[in-house]
Amino acid sequence: MEEVLFSTDYTDISNIKNLLSQRADSIRLSLDSEPLGYQMNRAWAMLDDAMAVKNHVSGLNMYARLNELIAMADSDPEQLTARLRDALNLMLNRFRATVMIAGGANDEYTPVVKALLQKMPSTETAPVDYSVLRPAKTNEALITSLTVHMNLLAAPTPAYAYTGKLTPISALIDDKYMLPRLRNVLGAYGAYSWFSNRISALYTYRDPNLASSFQAFADLPEYLRAVEITQADVDSYIVGSYGRLLPSGGKLSQARQLADNRFQGISDSMYLGWQRDAKSTVPGDVKDTAALIESMLKTGIRSSSGAESTMGEAKGLIDTLIRLEDVSR
């Protein structure tokens, strides 16, 4: 790592262009064949500053930027080298750096990391307003070669609305509504709900429909208010979904997850509170979730993807079509 950070000179333009092209081709392939993750990133970015940063360095944004740099390799290779060195200098800064090391008490790597950090300059940086990276809020469709859709409704989760009870309720919604209606009846390969303390979503995967799926999302509040469900039913979803609220993997994976939580402002007490909430879920909470879904329908963003020939039902649902050919220009 030390050799890469301090000794790379970025003058082998042919090799750099090849690496940039490989990365651009990889993103293009993913956008065309598995676009749902990129759709989520873009929708999240319209709602959240932190996700706007992630979106800025991935997906459509990175695909467009890589194509600009590939063109620069031919038109102005010296400028490309200068840009890469500028980016490296921006990264080589230990000002307010945070290091996480998980392992045994006698950790041989800690002094190595400290030594590497000490070789970096510590240059004070000004706070950045990342909200400028947020895309304009719009309902959009990504044009791909797929003849099926990935349909998504995403919305900010109101601070008052999020609770650990949404974990078993989400499992119930998927099992009793999303899969029976959207998969068994309408033919989508997958259909799911997802709730976090920041963003909530309803989405389908490899879905032959567009308008009927968003209509199914719109019908969910009515279903939740009418559904007859017992405490025994709710308890079964609590047991079946509780693992989602527990750190996953071994001790090292759990340590990383807990550290990530801290970076996201999620304290251990918040996490434990959500676990306690989940265990106290009752049938009335399921019905109360209808109001959250209605809020999503009012404030949310609709996103879809698929071949342009399949977008006939998009009128009134989608405002903007994004074509990969236009992004690369």
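Residues numbered from 1 in each chain as written. Predicted model: local features only at pLDDT ≥ 70, side-chain atom pairs only at ≥ 80, totals over all residues. Heavy atoms only, no water.

1. What to know about the overall build of the chain
Counting secondary structure elements, the chain contains 14 helices and 6 strands. Projected onto its principal axes, the C-alpha positions of the chain cover 65 × 55 × 30 Å. Residues classed as buried in the chain amount to 42% of the 329 residues present. Within the chain, contacts between residues separated by at least 24 positions form 80% of all contacts whose residues are at least 6 apart in sequence. (Helix = DSSP H or I, 4+ residues; strand = E, 2+ residues; numbered from the N terminus. Buried < 20%, exposed > 50% of the residue type's maximum accessible area, 1.4 Å probe, protein only. Contact = heavy atoms within 4.5 Å.)

2. Details of unusual backbone geometry
Excluding glycine, a negative phi dihedral is what most residues carry, and trans is how most peptide bonds are arranged. The phi angle at Tyr10 is positive, at roughly 60°, despite the residue not being glycine. One non-glycine residue, Arg96, lies in the positive phi region at around 55°. On the basis of relative accessibility, which here comes to 71%, the residue Arg96 falls in the exposed class.

3. Concerning the pairing of strand 1 (residues 140-143)
Neither face of strand 1 is left uncovered, since the one carrying Glu140 and Leu142 and the one carrying Ala141 and Ile143 both have all their residues buried. Pairing of strand 1 with strand 5 (residues 301-306) involves 4 bridges; the strand directions are parallel. Bridge pairing links Leu142 to Ser305 in strand 5. Here strand 1 runs beside strand 6 (residues 320-323); their pairing, made up of 4 bridges, is parallel. Across the sheet, residue Ile143 finds its bridge partner in strand 6, namely Arg323. (Pairing = 2+ DSSP bridges.)

4. Some remarks on the side chain of Ser193
Mapped onto the secondary structure, Ser193 falls in strand 3 (residues 190-195). What Ser193 contacts, discounting residues up to four positions off in sequence, is Ser170, Ile173, Asp174, Met178, Ala201 and Leu202.

5. Quick look at the nonpolar core
In terms of nonpolar packing, the biggest core is built from 43 residues, with Met178, Phe195 and Leu202 touching the most fellow members. Among the elements that line this core, the one with the most residues is helix 8 (residues 166-185), at 8 residues. Those residues in contact with Leu202 that lie beyond four places of it in its chain are Asn151, Leu152, Leu153, Met178, Tyr192, Ser193, Phe217, Leu220, Ile293 and Met296. (Core = buried A, V, L, I, M, F, W, Y, C linked by side-chain atoms within 4.5 Å.)

6. Let's talk about the pattern of salt bridges
A pair can form between side chains of opposite charge whenever their charged atoms are brought close. As enumerated under the stated definition, the model contains 14 salt bridges in all. We note a salt bridge from Glu325 to Arg28, for which the minimum N-O separation is 3.2 Å. With a gap of 297 residues between them, Glu325 in helix 14 (residues 324-327) and Arg28 in helix 2 (residues 13-33) connect regions that are remote in the sequence. Look at Glu325 and you get partly exposed, because its relative accessible area is 42%. Between Asp219 and Arg181 there is a salt bridge whose closest N-O contact spans 2.8 Å. One end of the pair, Asp219, is in helix 9 (residues 211-226); the other, Arg181, is in helix 8, with 38 residues separating them in the sequence. Residue classification places Arg181 among the partly exposed positions, given a relative accessible area of 28%. (Salt bridge = Lys/Arg side-chain N within 4 Å of Asp/Glu carboxyl O.)

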